[in-house]
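Chain by chain, the residues:
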Amino acid sequence: MSTEEHTPTETAPAGGAPRSLAEALRGRDDRSLAVLLRARPDLITPVPTDLTQLATRAGTRASVVRALERLDRFALQTAQALAVASDPAPYDELASLLAGDDADPAVTAALPHALGALRDQALVWGPDDRLRLVRTARELLAPSPQHPSPTGLGPTVAEATAGMSPGRVQEIVVEAGLASTHDSVSAVTALGGLFTDRRRMAALLATAPPESLDVLTRLVWGPPYGQVTAAPAAHLRWLLDRGLLLPTAPGTVVIPREVALHLRSGRAHRETRPVPPPVEASATHRPQVVDATAAGQAYTALATVEELLKDWDEGGPGVLRAGGLSVRDLKRTAVALDMPEPVAAFWIELAYAAGLLASDGEADERYAATPAYDEWLELPAAERWARLASAWLTATRTAGVIGERDAKERTLSALGPGLDRSAAPEVRHRVLALLAGLPEGTSATPDSVLARLHWERPTRGGQQPPQQQQAAQPRQADDLRARIARWTLSEAETLGVTGRGALSSHGRALLGFPPEAPATADLPETPGDKLPAHHVPLPHPPAPALTASHAPDPVAEQAAAASRAARLLAPLLPEPLNHVLLQADLTAVAPGPLKRPLADALGVLADVESKGGATVYRFTPGSVRRALDAGRSASDLHDFLTAHSRTPVPQPLAYLIDDVARRHGHLRIGAASAYVRCDDDAMLSEILADKRSGGLGLRRLAPTVLAAQADPATLLDGLRAMGYAPAAESAEGDVLITRAHAHRTPPRTAPEPVPDGPPAPDDTLLGAAIRAIRAGDLASTTPRKATAGDPAPSGALPRTGSAETLATMQAAVLTGEALWIGYVNAEGSASQRVIAPVRVEGGFVTAYDHTADEVRTFPLHRITGVAELADDPT
């Protein structure tokens, strides 16, 4: 297999194989560097000054750990195999560790792409005959007594015998059937050669007692360490005498790596997984059924959010001192919405993520709708849903963790701090993308989705020894990513992104995929394909064309996708109705969604009795009085019902309205503290005689006036509870019309998602960063002439006097040569640059700056020194 087949981004410098990661990066083209920086955006935060600094940053522990955690399973297994291979390792040795002695064809076919992914991310460098894993990655993945290798392998023979006496080494060599040597180094080499020789090793093990082979079998897949007594049994002594077990500490032995690999048939892993597990279909439905089901859920989602915020319209529950919603208030909200508490918490968090809900910031801080909620209500239904779905897709706040405890053992509450999980948006996108990869109308089994996600992004559990990995396989529910994936499947169905478990057409559009094409571009190929595509599992676009003048805007793309989703959903939602059906039992049936003015007016005049496909409203004396309190007259209510009912207004309802209206306002209440006046003094006498009025502190001031110790609002509520229909009046004696007060917060912005590390750079930033790195590398590596007066070591800023600096600059203007300078900017930051001076005057030099790729003016007093270049930098 040629190098070009599996090292698409590695180019050795002209002088031969690269000697360091910096040299390997220096041999890459701009497109290859862009792939690296896009996959590892932490490397350009901030932008490195040159490729040497980029290589140094790529080898830091934090960056390497992050890169390893974002590898798929086979790429990670490849890195783990390199960590137990020789350093450097030839390609054939790596292939043997992964494919085994039987050369598994699936592994052989997939290895070039996995190795290419590691090279793309600068975790592996060097040509095929000298593959090197970045030192930090080797330290993280290589076996050690403190940190067992994920492969379950132990130290090599050379490592395990490092502290052994030469005499003991010679005894082992002789017992193993080898000739005694003159020194320990050659003895260890001979012993290692025996253990790696399949034929001789098989012959040696054929003479082993069965009990000895049982011991090796228990240790072969890890952990490789075992305990022995001071006087080991005969079968253990047989292994120790031949070096098949080597002591590492008093009472502790280890099986050498070479012996374990022989017993494993050369495999570094018990189970190598070069191909991602397929996403299995659960059921198949007609796409029209899926879309209709999802649309029904979307309509229910809109109604639920409206009901939630309508319930909090006059000011919702208070904010806890530590932030968030109390458990009692969450229970009350769940009861009001008639749903379980976790589901109610999801809707509350969704409204908050969409910017429709926030705290009002008052002294007595409470939750309420924001002004954006009123704007949202005016949008068409499909656009309102698209806004909710877009907020859910990108939100890092995760409602599923509500009720759990944080690191300080504090209970996480709805709308409170500590709910952000930066992996949530990525997992949601990936789960829906996997559903989009299935045929339209097909749902997936949750277990197969979780298995695929676990392959694409192994958890830290994947770093455990193999036997622990096997034990952890059934417990994927304990993994946060797996839990988020399960929540995603449930929430997507609740929100109407999916229907019957399958991705809807408007859900596909929300992800940015064309509705007529399955979203397979980002998915690794299935086992039926010849070659899987191994890459970072995040849906990244291809490497940028650095010359492009217009890079796509992710925000604009998301807005466009939401707009397409709304257009697809709109025809599926029911049209709002402008009528109801009045019935003789004092109810009204809304056979579908009502237009907003009708729904608002009917919500004041009647109480909602039941919901579902048809909403049932019930008229009661209290609801009619509520409408009259809002300023409507009896004739207004009759006209309203006649205009919006497809059935005649029933006589019982007309009588109810007239009866309540006749008594409404007969009593008048004002502020004395409070008083009651009525032209009918018999009614006032009746009130005074009623025992229920004792708490109001009433006394007669005049035949038609009663005074009360209670305030007007309490007096109003008390008389209404006694069955009367009083009306409030102003100081001038006019009837006060009371309307529902809609409490709103000041303008609030939706909570910003908490990113999982630095954001992925766009094409513009990538292009600028690569140009800056290239220019800085040119300045730091361009050969320059040595000067007797410049004692600065290699790589340091040049130092020359002001006279010499000026003379060199003036000469360069005449000859057109480029110079190497040291420069300190106004902030005191020092840098080195390669410039081509054009003009020197007035204490400034105007030059073409190769580092910035532009013409700039430099104050001469900020130039620390200057040196001529040995070669033309261009």
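*Asks:* Could you give an account of the pairing of strand β21 (residues 819-824), naming the residues involved and the relevant values?
*Replies:* Taken across its 6 residues, β21 has 5 buried, putting it largely inside the fold. Strand direction decides the pairing type here: β21 and strand β22 (residues 830-841), joined by 6 bridges, are antiparallel. Bridged to Tyr823 within β22 is Ser831. As consecutive antiparallel partners, β21 and β22 are separated by 5 residues, and within that stretch Gly828 has a phi angle of approximately 90 degrees, a positive value.

*Asks:* Account for the sheet that holds strand β14 (residues 607-610), naming residues and giving values.
*Replies:* Reading across the sheet, the 4 strands line up as β12-β13-β15-β14 and stay open at both edges, with antiparallel pairing between neighbours. If you trace the sheet from one side to the other, it starts and ends with β12 (581-583) and β14, each paired once. Ignoring which end each strand starts from, the neighbouring axes of this sheet average 30 degrees apart.

*Asks:* If you had to explain a negative patch on the surface to someone new, which residues and values would you point to?
*Replies:* A cluster of acidic residues, Asp679, Asp680, Asp681 and Glu686, forms a negative patch on the protein surface. Mapping Asp679 onto the fold places it in the loop between β17 (674-677) and α32 (681-689).

*Asks:* Give a detailed account of empty space enclosed by the protein, specifying residues and quantitative values.
*Replies:* This structure, assessed with the given rule, holds 5 cavities of 30 Å³ or more. The computed volume of the second largest cavity comes to approximately 110 Å³. As for the second largest cavity, its lining consists of Phe346, Glu349, Leu350, Ala353, Trp392, Ala395, Arg397, Thr398, Ala399, Arg428 and Glu491. Counted by class, the lining of the second largest cavity contains 6 nonpolar, 1 polar and 4 charged residues.

*Asks:* Explain the side chain of Ser693 to me, using residue names and the numbers behind them.
*Replies:* Following the sequence through the fold, Ser693 ends up in the loop between α32 and β18 (699-702). Among the polar contacts made by the side chain of Ser693, one reaches the main-chain carbonyl oxygen of Asp690 at a distance of 2.7 Å. Apart from the residues within four sequence positions on either side, Ser693 is in contact with Ile687, Leu688, Leu698 and Met722.

*Asks:* Go over the nonpolar core with me, naming the residues and quoting the values.
*Replies:* Of all hydrophobic cores here, the largest spans 91 residues; its most connected members are Phe195, Leu244 and Leu245. Per element, the largest residue contribution to this core is 8 residues, and it comes from helix α6 (residues 73-84). Ignoring sequence-local partners within four residues, the contact set of Leu244 consists of Phe195, Met201, Leu204, Leu205, Leu216, Trp238, Leu239, Val254, Ile255, Pro256 and Val259. Ala334, Leu350, Leu435 and Ala562 belong to the second largest nonpolar core, which has 75 residues in total.

*Asks:* I'd like to hear about the sheet that holds strand β23 (residues 844-849), residue by residue, with values.
*Replies:* A sheet is described by the order of its strands in space; here 5 strands give the open sequence β24-β23-β22-β21-β25, paired in antiparallel fashion. For this open sheet the edge positions go to β24 (854-859) and β25 (863-868), each flanked by a neighbour on one side alone. Along the sheet, successive strands turn relative to each other by an average axial angle of 45 degrees, direction set aside. For β23 and β24, the ladder comprises 6 bridges, and the chain directions are antiparallel. Residue pairing in the sheet places Val845 in a bridge with Phe858 of β24. Where helix α35 (residues 802-815) meets the sheet, it contacts β21, β22, β23 and β25, and its direction lies at approximately 60 degrees from that of β22.

*Asks:* Hey, could you go over the pattern of salt bridges for me, with residue numbers and the actual values?
*Replies:* By the definition in use, this model includes 34 salt bridges. Between Asp197 and Arg200 there is a salt bridge, with its nearest N and O atoms 3.3 Å apart. The partly exposed category is assigned to Arg200, whose relative accessible area is 30%. The closest approach of N and O atoms between Glu349 and Arg397, which form a salt bridge, is 2.7 Å. Residue Glu349 is located in helix α19 (residues 341-353), and its partner Arg397 is located in the loop between α21 (381-394) and α22 (424-436); the two are separated by 48 residues in the primary sequence. Each of the two residues, Glu349 as well as Arg397, counts as buried. Counted as one network, the salt bridges with shared partners bring together Arg168, Glu171, Arg237 and Asp241.

*Asks:* Could you give me a rundown of α22, with the residues and numbers involved?
*Replies:* Side chains of residues three or four places apart in an α-helix project in the same direction, reflecting 3.6 residues per turn. The end-to-end C-alpha separation of α22 is 18 Å, in line with the 18 Å expected for 13 residues at 1.5 Å each. Of all the 13 residues making up α22, 12 are buried; the element is thus mostly covered by neighbouring parts of the structure. Among the residues of α22, Ala424, Pro425, Glu426, Val427, Arg428, Arg430, Val431, Leu432, Ala433, Leu434, Leu435 and Ala436 are the ones counted as buried.

*Asks:* Any chance you could break down the packing of aromatic side chains for me, citing the residues and the numbers?
*Replies:* Evaluated as defined, the whole model comprises 3 aromatic pairs. Stacked on the ring of Trp376, the Lys or Arg Arg384 has its end atom at 5.4 Å from the ring centre. Taking the ring centre of Phe640 as reference, the NZ or CZ of Arg632 above it sits at 5.6 Å.

*Asks:* Describe in detail unusual backbone geometry, supporting the description with residues and values.
*Replies:* Thr45 connects to Pro46 through a cis peptide bond whose omega is 0 degrees. Locating Pro46 in the fold gives a position in the loop between α3 (30-39) and α4 (51-58). Phi is positive for Leu415, which is not a glycine, with a value near 65 degrees. If you trace the backbone, Leu415 turns up in the loop between α21 and α22. Unlike most non-glycine residues, Arg500 shows phi in positive territory, near 55 degrees. Its relative accessible area of 45% is what places Arg500 among the partly exposed residues.

*Asks:* Describe helix α12 (residues 184-196), with residues and values.
*Replies:* Over its 13 residues, α12 extends 18 Å from the first C-alpha to the last, a length consistent with the 18 Å expected when each residue adds 1.5 Å. Inspection of α12 places Ala187, Val188, Leu191, Gly192, Leu194 and Phe195 among the buried residues, and these make up the whole buried set. For α12, the angular spread of buried residues about the axis comes to 155 degrees, placing them on one side. In α12, those exposed residues whose orientation departs by more than 90 degrees from the buried face are Val185 and Thr189. Where the residues of α12 are buried, they touch α10 (157-160), α11 (166-175), α13 (198-206) and α16 (257-263).

*Asks:* Mind laying out the packing of helix α17 (residues 287-311) against α21, listing which residues take part and the relevant values?
*Replies:* It is at 10 Å that the axes of α17 and α21 come closest, and there the two elements cross at 80 degrees. Taken together, the axes of α17 and α21 lie roughly perpendicular to each other. Mapping the contact onto sequence places Ala298, Leu302, Val305 and Glu306 in α17 and Ala381, Arg384, Trp385 and Leu388 in α21. The class makeup of the residues in the contact of α17 with α21 is 6 nonpolar, no polar and 2 charged.

Reading the values: the criteria
- Residues numbered from 1 in each chain as written.
- Predicted model: local features only at pLDDT ≥ 70, side-chain atom pairs only at ≥ 80, totals over all residues.
- Heavy atoms only, no water.
- Buried < 20%, exposed > 50% of the residue type's maximum accessible area, 1.4 Å probe, protein only.
- Helix = DSSP H or I, 4+ residues; strand = E, 2+ residues; numbered from the N terminus.
- Pairing = 2+ DSSP bridges.
- Axes fitted to C-alpha atoms, helices over the stretch in contact; angles between N-to-C directions.
- Patch = residues over 30% accessible without salt bridge, like charges linked within 9 Å, V, L, I, M, F, W, Y side chains within 5 Å.
- Areas by Shrake-Rupley, 256 points an atom, 1.4 Å probe, with all protein chains shown as cover.
- Salt bridge = Lys/Arg side-chain N within 4 Å of Asp/Glu carboxyl O.
- Lys, Arg positive; Asp, Glu negative; His and termini not counted.
- Charge placed at Lys NZ, Arg CZ, Asp CG, Glu CD.
- 1 Å grid on protein atoms, 1.4 Å probe; cavity = no way out; pocket = protein on both sides within 12 Å on 5 of 7 lines; lining within 4 Å.
- Points joined across faces, edges and corners; volume = space filled by probe spheres on them.
- Nonpolar A, V, L, I, M, F, W, Y, C, P; charged D, E, K, R; others polar.
- Polar contact = N/O pair within 3.5 Å; in protein donor to acceptor, adjacent residues only side chain to side chain.
- Contact = heavy atoms within 4.5 Å.
- Core = buried A, V, L, I, M, F, W, Y, C linked by side-chain atoms within 4.5 Å.
- Expected span 1.5 Å × (residues − 1).
- Phe/Tyr/Trp six-rings, centres within 6.5 Å; stacked < 30°, edge-to-face > 60°.
- Lys NZ or Arg CZ within 6 Å of the ring centre and 35° of its normal.
- Arc of directions from axis to C-beta.
- Parallel < 35°, antiparallel > 145°, perpendicular 65-115°, else oblique.

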